[in-house]
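# Structural features, examined
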Amino acid sequence: MKTLIIAEAGVNHNGSLAMAKQLVDVAKTAGADIIKFQSFKATNLVSENSAKAAYQIQNTGNSESQFTMLQALELTEAEHIALYQYCLAKEIIFLSTPFDNESLQMLNKNFEMPFIKIPSGEINNAPFLLEIARTQKKVILSTGMSLLGEVEFALAVLAFGYLCQLLPKDKNDFWQAYNSIEGQEILRAKVSLLHCTTEYPAPYGDVNLKAMDTMAQAFGLPVGFSDHTAGIAVPIAAVARGAKIVEKHFTLDKNLPGPDHKASLDPVELQQMVEGIRQVEQALGSSLKKPSARELDNKKIVRKTLVAACAISCGEKFTRENIAIKRSGSFGLEPCNYWNLLGQTARKNYSKDSVLEL
């Protein structure tokens, strides 16, 4: 199965529609399946006096608030529409992550998106998860910063939202939906999970790719990987471990001002990642252990057979002295027949290095 590759432009457009379109061009050239942006209203997302994250301070300084920083990175509804139309023209799927109800409704109203991507920071925002599920769209849920139980509760909220238009009375309503046959069926039909480590860049020792296996076994849902490490090795490794989806930040230039550029791939790296993933997909192949068609051509060249160590006359007995084991360039008696051949009589003349027969 082909891995779904999401090129995460995020806010690396720096609030510029022209730059956002350049990011679309890069993602298309690299071979990504989807380009994803972020949709939000700073007034709905963050308090005006909210502090920046440590990586944001490192990348943008501390002279402005998180609110001011994010406000400069917003795209208007008209810019979203222009960007969507540009993606259609470039034949790449447009996706954007909503961070508030207003942005969710704007995206749902205007665009045919294959699913809604829920960011890790919203996994505990039950009212928001409920609104997302009630769009009846498929969902990709990032699980950074989460315990397994928190992921399960988010799934319970989504199950309730997909199945019921009523307001929940309490948490038990979510669990009843989750534990029902219908709830499990709708989750399998609608939801994929992304393992994620929410740090920019994420240290390799904090990634824990094996957690993908844990979530797949726990929930029976497709699991992928949202990567924040430096470079391309880890997302490629995630595909080798079975990731169905890979999401990775990219930028036009890592030296641009902004919170996420330094932890993103440049255009060349993005293309290398896509190519690496596609190569790994081919290499995964089948679980059946057998030689490939090309190996069969090499088999007769590389494997050894029983050959005459010297000239052998018809009627002469085969001995340790006149049998050799060499590459012969053709199929013949395999070396495991050595002991069966000893002591038998040659039925014809053999020249040195010719292939022996029983």
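Let me begin by describing the structure that accompanies this report. Since this is a predicted model, take the numbers as computed values, not measurements.

### Comments concerning the overall build of the protein chain
- When helices and strands are counted, the protein chain shows 15 helices and ten strands.
- Relative to the compact-globule value of 21 Å for 358 residues, the protein chain shows a C-alpha radius of gyration of 30 Å, a clear excess of over 25%.
- Along the first, second and third principal axes, the C-alpha set of the protein chain runs to 100 × 50 × 40 Å.
- The buried share of the protein chain, reckoned over its 358 residues, is 47%.
- Taking as baseline every contact in the protein chain between residues at least 6 positions apart, the subset at least 24 positions apart corresponds to 66%.
- In the protein chain, the 37 positive side-chain charges and the 38 negative ones have mean positions that sit 12 Å from each other.

### A few points about helix α10 (residues 181–190)
- Within the sequence span of α10, burial applies to G183, I186, L187 and K190. With its buried residues spanning 100° around the axis, α10 presents them on a single face.
- Of the surrounding elements, those touching the buried residues of α10 are β5 (138–142), α8 (148–163), α9 (171–179) and β6 (191–196).

### Structural notes on the packing of helix α6 (residues 101–110) against helix α7 (residues 126–133)
- The N-to-C vectors of α6 and α7 enclose an angle of 10°; their axes lie 11 Å apart at closest approach. When the axis of α6 is compared with that of α7, the two are roughly parallel. Residues N101, L104 and Q105 of α6 pack against F128, E131 and I132 of α7.
- Grouping the amino acids of the contact of α6 with α7 by side-chain chemistry returns three nonpolar, two polar and one charged.

### Let's talk about the packing of aromatic side chains
- Taken as a whole, this structure holds eleven aromatic pairs when the rule is applied.
- A centroid spacing of 5.4 Å and a plane angle of 85° characterise the contact between F160 and F174, whose relative ring orientation is edge-to-face. Pair noted here: F160 is in helix α8 and F174 is in helix α9, with a separation of 14 residues, a long-range link.
- Judged by its relative accessible area of 6%, F160 falls in the buried class.
- With a centroid separation of 5.7 Å and an interplanar angle of 90°, the aromatic rings of Y338 and W339 are classed as edge-to-face.
- Classification of Y338 as buried rests on a relative accessible area of 13%.
- Every member of this aromatic cluster is reached through a ring pair, and the members are F153, F160, F174, W175 and Y178.
- We note K171 situated over the ring of F153; from NZ or CZ to the ring centre the distance is 5.5 Å.

### Overview of the sheet that holds strand β4 (residues 115–118)
- With respect to topology, eight strands assemble into an open sheet ordered β3-β2-β1-β8-β7-β6-β5-β4, the strand pairing being parallel. With partners counted over all chains shown, the strands left at the sheet margins are β3 (93–98) and β4, one partner each. Here the strands of the sheet are splayed against their neighbours by 25° on average, with no regard to which way each runs.
- Of the strands in this sheet, β7 (223–227) and β8 (245–249) are in contact with helix α12 (residues 233–240), which crosses β7 at around 175°.

### Here we look at the packing of α12 against helix α13 (residues 267–284)
- Close contact between α12 and α13 brings their axes to 9 Å; oriented N to C, the two are set at 25°. In terms of their interaxial angle, α12 and α13 are classed as roughly parallel. In this structure, α12 crosses over α13, and the sense of that crossing is right-handed. Judged by residue contacts, P235, I236, V239 and A240 of α12 engage M273, G276, I277, V280, E281 and L284 from α13.

### Some details on the nonpolar core
- Within the largest apolar cluster, 80 residues are counted, with the highest numbers of intra-cluster contacts made by I35, L155, L158, L193 and F250.
- The biggest single contributor to this core is α8, with nine residues.
- Dropping the residues within four chain positions of it, L158 is found in contact with I118, L129, A133, V139, L187 and V191.
- Counting eleven residues, the second largest nonpolar core, distinct from the first, contains L306, A308, I323 and L341.

### Quick look at the environment of M212
- Its location among the elements puts M212 in helix α11 (residues 211–219).
- Between the C-alpha atom of M212 and that of F225, which follows or precedes it by 13 residues, the distance is 7.7 Å.
- Setting aside its immediate chain neighbours within four residues, M212 contacts H195, V223, G224, F225, A238, R241 and A243.

### Comments concerning the pattern of salt bridges
- On inspection of all chains with the given rule, the structure shows 13 salt bridges.
- Notably, a salt bridge pairs E8 with K36, separated by 2.5 Å at the nearest N-O pair. Taken together, the positions of E8 in strand β1 (residues 4–10) and K36 in strand β2 (residues 34–39) put the pair 28 residues apart, joining distant regions of the chain. Considered together, E8 and K36 belong to a single accessibility category, that of buried residues.
- Sharing partners across several salt bridges, the network here consists of K2, D33, R278 and E281.

Definitions and cut-offs
- Residues numbered from 1 in each chain as written.
- Predicted model: local features only at pLDDT ≥ 70, side-chain atom pairs only at ≥ 80, totals over all residues.
- Heavy atoms only, no water.
- Helix = DSSP H or I, 4+ residues; strand = E, 2+ residues; numbered from the N terminus.
- Rg over C-alpha atoms; globule rule 2.2 N^0.38 Å.
- Buried < 20%, exposed > 50% of the residue type's maximum accessible area, 1.4 Å probe, protein only.
- Contact = heavy atoms within 4.5 Å.
- Lys, Arg positive; Asp, Glu negative; His and termini not counted.
- Charge placed at Lys NZ, Arg CZ, Asp CG, Glu CD.
- Arc of directions from axis to C-beta.
- Axes fitted to C-alpha atoms, helices over the stretch in contact; angles between N-to-C directions.
- Parallel < 35°, antiparallel > 145°, perpendicular 65-115°, else oblique.
- Nonpolar A, V, L, I, M, F, W, Y, C, P; charged D, E, K, R; others polar.
- Phe/Tyr/Trp six-rings, centres within 6.5 Å; stacked < 30°, edge-to-face > 60°.
- Lys NZ or Arg CZ within 6 Å of the ring centre and 35° of its normal.
- Pairing = 2+ DSSP bridges.
- Left-handed = near helix turned anticlockwise from the far one by under 90°.
- Core = buried A, V, L, I, M, F, W, Y, C linked by side-chain atoms within 4.5 Å.
- Salt bridge = Lys/Arg side-chain N within 4 Å of Asp/Glu carboxyl O.

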